[in-house]
Amino acid sequence: MSLQLQTDIFAEGAQRLQMTESIELTTQSLQAYGPDHEHWGIAWSGGKDSTATLTLICWLLDTGKIARPKTLAVFYADTRQELTPLAISAERIMDELRERGITIEVVRAPMDKRFMVYILGRGVPPPNNNTLRWCTRQIKIDPMEEALRQRLDGIGGNILMITGVRQGESAIRDRRIEMSCGKDGAECGQGWYQQVLPNARGLKGRLATLAPLLHWRVCHVWEWLRHWAPAEEFGDWSTRAIADAYGGDEAEELNARTGCIGCPLAQEEKALETVLRNPQWAYLAPLRGIKPLWRELREPQHRLRKPGLELLKDGSFAKNPQRLGPLTFEARLMGLDRILSIQDECNRAARAAGRPLINLIDDEEEARIRELIAAETWPQGWEGDEPTGDVILDVVYANGAVQPRLFSEEDA
Ligand code: SF4
């Protein structure tokens, strides 16, 4: 079903929805569209919206309110960048799913494409909102696409992919379908799963998507995670810790965005700050250092720069002469050292207090990062002999005109 069609249906019932009405509408959407598909998949990131979706669907299936598909697979998108309390909750929920006999597939990017390895090993600058938004596709969408392709090869037929996209009633009423995960309250990746996956190579025509919580307000999500899902009658799920991670009682008011630790695209680290206000998680305070590190690494002195016009493979010139490029080896090693120090500091405090350890970069990832640096790896299109971004150069314009610098470094 298209999101637009689903939106139209929800728009009709978009008066101030109460919890039971919200669940009822969710049930109806699954009753209406579920039976057309023998195989269902749930795209789950461990964040609030997709966890509410996952646990609610399990309850609806367990109580016979919706008919069971022939197969149900849960695809856990493990970015390796999740906030610690959420990663721990996800582990618990996976145990609870396995107890129910539900298949879980942990979906991860291949080693060289993981966030830390890509930046610190391959030298690609941290993502930003403008020119370089590579992360969501690379650590969430592409691995999910690949996992689905493999799944489809195994079953034949098609899959109904259920996502945690949530717009809230007012957005639905106004038909403001906002897919951006930079928006407060949204869960990074879910909108992309909804829009991008059905058209992906090898999936087109074989994948339908459904967002059964599209109409839920954020307070319903907190209510479900904190009070309903943990209750015996709704499945005894370990979801309370997810809501608590976002602020316990305050969570009701908090329209928290769900995403990676230190996400360079988020304005503020609201989720991390909320976690740190809980004395149990206060030992994770060094994680505050990650976001400023990504910002620092985007500065010119840590990057190479194309000195002039750049000739592309097709014989034309790149539109942005003298663009900044990859991270120098020194910058990558500095970043690696900084992340490992943050990890050590958290884990020393964790051991002293008997709290869970964190794992920002594991041994295998560290070894691969060092290997890529030692092999002098540069991203495609870069040789490593370009000047760094802080070297003063003659200005080159896109039409090839050159404005010589007024003062050379020797003059300074
Ligand atoms: S949460 Fe931020 S860093 Fe992580 S994938 Fe989304 S946009 Fe990228």
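Residues numbered from 1 in each chain as written. Predicted model: local features only at pLDDT ≥ 70, side-chain atom pairs only at ≥ 80, totals over all residues. Heavy atoms only, no water.

The biggest cluster of nonpolar side chains holds 92 residues, and the ones touching the most others in it are Leu 97, Leu 120, Trp 224, Leu 287 and Trp 294. Of the domains in this structure, domain 1 (3–252) and domain 2 (270–386) are the two that each give at least three residues to this core. Beyond its immediate chain neighbours, meaning those up to four positions away, Leu 97 contacts Trp 44, Leu 54, Cys 58, Val 74, Ile 102, Ile 104 and Trp 237. (Core = buried A, V, L, I, M, F, W, Y, C linked by side-chain atoms within 4.5 Å. Buried < 20%, exposed > 50% of the residue type's maximum accessible area, 1.4 Å probe, protein only. Domains from an automatic or database assignment. Contact = heavy atoms within 4.5 Å.)

Turning next to the pattern of salt bridges. In total, this model carries 19 salt bridges according to the counting rule given. With a shortest N-O distance of 3.1 Å, Arg 370 and Glu 366 are connected by a salt bridge. Within this pair, Arg 370 and its partner Glu 366 are both found in helix 14 (residues 363–374), separated by four residues, close to a single helical turn. (Salt bridge = Lys/Arg side-chain N within 4 Å of Asp/Glu carboxyl O. Helix = DSSP H or I, 4+ residues; strand = E, 2+ residues; numbered from the N terminus.)

To continue, consider the sheet that holds strand 4 (residues 159–162). Taken in spatial order, the five strands of this open sheet run 3-2-1-4-5, and their pairing is parallel. Where the open sheet ends on each side, the last strands, each with one partner, are strand 3 (103–107) and strand 5 (207–210). On average, each strand axis in the sheet is inclined to that of its neighbour by 25°, with strand direction left out of account. Strands in contact with helix 6 (residues 135–155) are strand 1 (39–44), strand 2 (71–77), strand 3, strand 4 and strand 5; relative to strand 2, the strand with the most contacts, it is inclined by about 160°. (Pairing = 2+ DSSP bridges. Axes fitted to C-alpha atoms, helices over the stretch in contact; angles between N-to-C directions.)

Turning our attention to unusual backbone geometry. Non-glycine residue Asp 236 carries a positive phi angle of around 60°. By the element assignment, Asp 236 lies in the loop between helix 9 (218–228) and helix 10 (240–245). A residue is classified by how much of its surface remains accessible, and Asp 236, at 44% relative accessible area, is partly exposed. The phi angle at Glu 376 is positive, at roughly 55°, despite the residue not being glycine. Inspection of the secondary structure assignment puts Glu 376 in the loop between helix 14 and strand 8 (395–396). With a relative accessible area of 54%, Glu 376 lands in the exposed category.

Moving on, we come to the side chain of Thr 377. Inspection of the secondary structure puts Thr 377 in the loop between helix 14 and strand 8. Contact partners of Thr 377, with chain neighbours within four places excluded, come to Arg 122, Phe 329, Arg 332 and Leu 372.

What follows concerns the site of the ligand. The ligand sits among Phe 115, Arg 133, Cys 135, Thr 136, Ile 139, Cys 188, Gly 259, Cys 260, Cys 263, Pro 264 and Leu 265. Of the residues forming the shell around the ligand, the biggest block, three residues, is contributed by helix 6. Partitioning the shell around the ligand into residue classes produces eight nonpolar, two polar and one charged. (Near = heavy atom within 4 Å. Nonpolar A, V, L, I, M, F, W, Y, C, P; charged D, E, K, R; others polar.)

On to the packing of helix 2 (residues 19–33) against helix 9. Running from N to C, helix 2 and helix 9 cross one another at 95°; their axes reach a closest spacing of 11 Å. In terms of orientation, helix 2 and helix 9 fall into the roughly perpendicular class. Facing helix 2, whose interface residues are Met 19, Thr 20, Ser 22 and Ile 23, helix 9 presents His 220, Glu 223, Trp 224 and Trp 228. (Parallel < 35°, antiparallel > 145°, perpendicular 65-115°, else oblique.)

Looking now at helix 14. Spanning twelve residues, helix 14 covers 16 Å between terminal C-alpha atoms, matching the ideal 16 Å at 1.5 Å per step. Every buried residue of helix 14 is accounted for by Glu 365, Ile 369, Leu 372 and Ile 373. Down the axis of helix 14, the sector holding all buried residues measures 100°, keeping them to one side. In this structure, helix 14 carries Asp 363, Glu 364 and Ala 374 as exposed residues pointing more than 90 degrees from its buried face. Where the residues of helix 14 are buried, they touch helix 5 (115–121) and helix 13 (329–353). Among the residues trailing helix 14, Glu 376 stands out with phi positive, at a value near 55°. (Expected span 1.5 Å × (residues − 1). Arc of directions from axis to C-beta.)

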